[in-house]
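Coordinates in review
The primary structure of each chain is shown beneath.
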Amino acid sequence: MSGTARSTPARASSAGLLLYRRGAHDWEVLLVHPGGPFWRRRDAGAWSIPKGAPEPGEDDAAAALREFHEETGTLPAGAPVPLGRVRQKAGKEVVAFALQGDFDPATLRSNTFELEWPPRSGRLQAFPEVDRAEWFGLDAAREKLIEGQRPLIERLQDLLGAPG
């Protein structure tokens, strides 16, 4: 997993943070659901870690923390631990980091984006980049995550020494 702390081109990759905590019965991870009309009715295989493109010259770990803050409204404390890279179906690479912490999904405050909606209507509407966040056990997280990010759960389990 070497090389994950360097800067990466904004076009080709994103940097993201997998926040985890010890739940009542097992480890849990925080996932976010993308906002906007395309994702509204999608659930299994639609969730993600908070992530986004690094700014020019920005370190990947710093970008992951910044993106977490932009998508949730909270900046977690601590030093992110590299989980390496994964490639999503469309070819985008995500460099991921793990960080133990806590977050109350009821406090979610996401940034927004504008989209012409309905299509070809000429009307721009603002949508939250993330419309909800939720804690999931590791097995449930595998079901919820988009396919390309699922290896991050195994990497976190290895990091924690948790059973698979």
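These numbers were taken from a predicted model, which means no experiment stands behind them.

So, about the overall build of the protein. What the protein contains, in helices and strands, is three helices and eight strands. Taken from the N to the C terminus, the helices and strands of the protein come in the order β-β-β-α-β-β-β-β-β-α-α. Computed over C-alpha atoms, the radius of gyration of the protein comes to 16 Å, within 12% of the 15 Å expected from 2.2 N^0.38 for 164 residues, which places it in the range of a compact globule. With the principal axes as the frame, the protein shows a C-alpha extent of 50 × 35 × 30 Å.

The side chains of a regular strand alternate between the sheet's two faces. Counting buried positions along strand E2 (residues 27-34) yields eight of eight residues, so the element is predominantly enclosed. Burial along E2 is two-sided: Trp27, Val29, Leu31 and His33 and Glu28, Leu30, Val32 and Pro34, pointing in opposite directions, are all buried. Relative to E2, strand E1 (residues 13-22) runs antiparallel, the two being bridged by three bridges. Considered in E2, the bridge of Tyr20 is made with Val29. Counted along the chain from E1 to the antiparallel partner E2, the turn is four residues long.

Inspection of every chain in the model, using the stated rule, returns five aromatic pairs. Plain terms: the ring middles of Phe113 and Phe127 are 5.9 Å apart, the flat faces sit at 35 degrees to each other, and that makes the pair tilted. Of this pair, Phe113 sits in strand E6 (residues 112-116) while Phe127 sits in strand E7 (residues 124-128), placing them 14 residues apart in sequence. Look at Phe113 and you get partly exposed, because its relative accessible area is 29%. Over the ring of Phe38 we find Arg42, and its NZ or CZ is 4.0 Å from the ring centre. Sitting above the plane of the Trp39 ring, Arg42 keeps its charged end 5.8 Å from the centroid.

Looking now at helix H1 (residues 60-72). The end-to-end C-alpha distance of H1 is 18 Å, a good match for the 18 Å that 13 residues give at a rise of 1.5 Å each. Asp60, Ala61, Ala63, Ala64, Leu65, Arg66, Glu67, Phe68, Glu71 and Thr72 are the residues of H1 that are buried. Residues of H1 that are buried sit in contact with E1, E2, strand E3 (51-52), strand E4 (81-87), strand E5 (93-100) and strand E8 (130-137). Looking at where H1 begins, the residue whose side-chain oxygen comes 2.9 Å from the main-chain nitrogen of Ala61 is Asp59. Following H1 by one or two positions, Gly73 adopts a phi angle in the positive range, close to 90 degrees.

In terms of burial, E1 is a largely internal element, eight of the 10 residues being buried. Pairing between E1 and E5: eight bridges, direction parallel. Within E5, the position partnered with Ala15 by the bridge is Val95. Pairing of E1 with E3, which is carried by two bridges, proceeds in the antiparallel orientation. Each residue of the ladder has a partner; that of Ala15, found in E3, is Gly52.

Let us look at the nonpolar core. Residues Leu18, Val29, Leu31, Ile49, Leu152 and Leu156 are the most contacted members of the largest nonpolar core, which totals 20 residues. Those elements that place two or more of their residues in this core are E1, E2, E4, E5, helix H2 (138-144) and helix H3 (151-160). In contact with Leu18, not counting residues within four places along its chain, are Val29, Leu30, Leu31, Ile49, Leu83, Phe97, Ala98, Leu99, Leu152 and Leu156. Grouped together as the second largest cluster of nonpolar side chains are 18 residues, Leu19, Leu30, Leu65 and Trp135 included.

Criteria and thresholds
Each chain carries its own residue numbering, running from 1 in the direction its sequence is written. Side-chain atom pairs in this predicted model are given and counted only at pLDDT of 80 or more, local residue features only at pLDDT of at least 70, and totals for whole chains, interfaces and linings cover all residues. Computation of side-chain values: all heavy atoms of the structure, hydrogens and water removed. The helix count covers DSSP runs of H or I at least four residues long, the strand count covers runs of E at least two residues long, and both are numbered beginning at the N terminus. Computation of the radius of gyration draws on C-alpha atoms alone. For the globule rule, the value is 2.2 Å times the number of residues to the power 0.38. Only protein chains enter the accessibility calculation, which uses a 1.4 Å probe. A residue is then buried if its area is under 20% of the maximum for its type, exposed if over 50%, and partly exposed in between. For two strands to count as paired, DSSP must find a minimum of two bridges between them. Only Phe, Tyr and Trp rings take part, Trp by its six-membered ring, and two of them pair if their centres are within 6.5 Å. Stacked means planes under 30 degrees apart, edge-to-face means over 60, and tilted covers everything else. When the NZ atom of lysine or the CZ atom of arginine is within 6 Å of a ring's centre and also within 35 degrees of its normal, the charge is said to sit over that ring. Take the number of residues in a helix, subtract one, and multiply by 1.5 Å to get its expected span. The contact definition used throughout considers only heavy atoms, calling two residues in contact when any of these lie within 4.5 Å. Two N or O atoms form a polar contact when they lie within 3.5 Å of each other; inside protein one atom must be a possible hydrogen donor and the other a possible acceptor, and for residues adjacent in sequence the pair counts only when both atoms belong to side chains. Take the buried Ala, Val, Leu, Ile, Met, Phe, Trp, Tyr and Cys residues and link them wherever side-chain atoms come within 4.5 Å; each set so joined is a nonpolar core.

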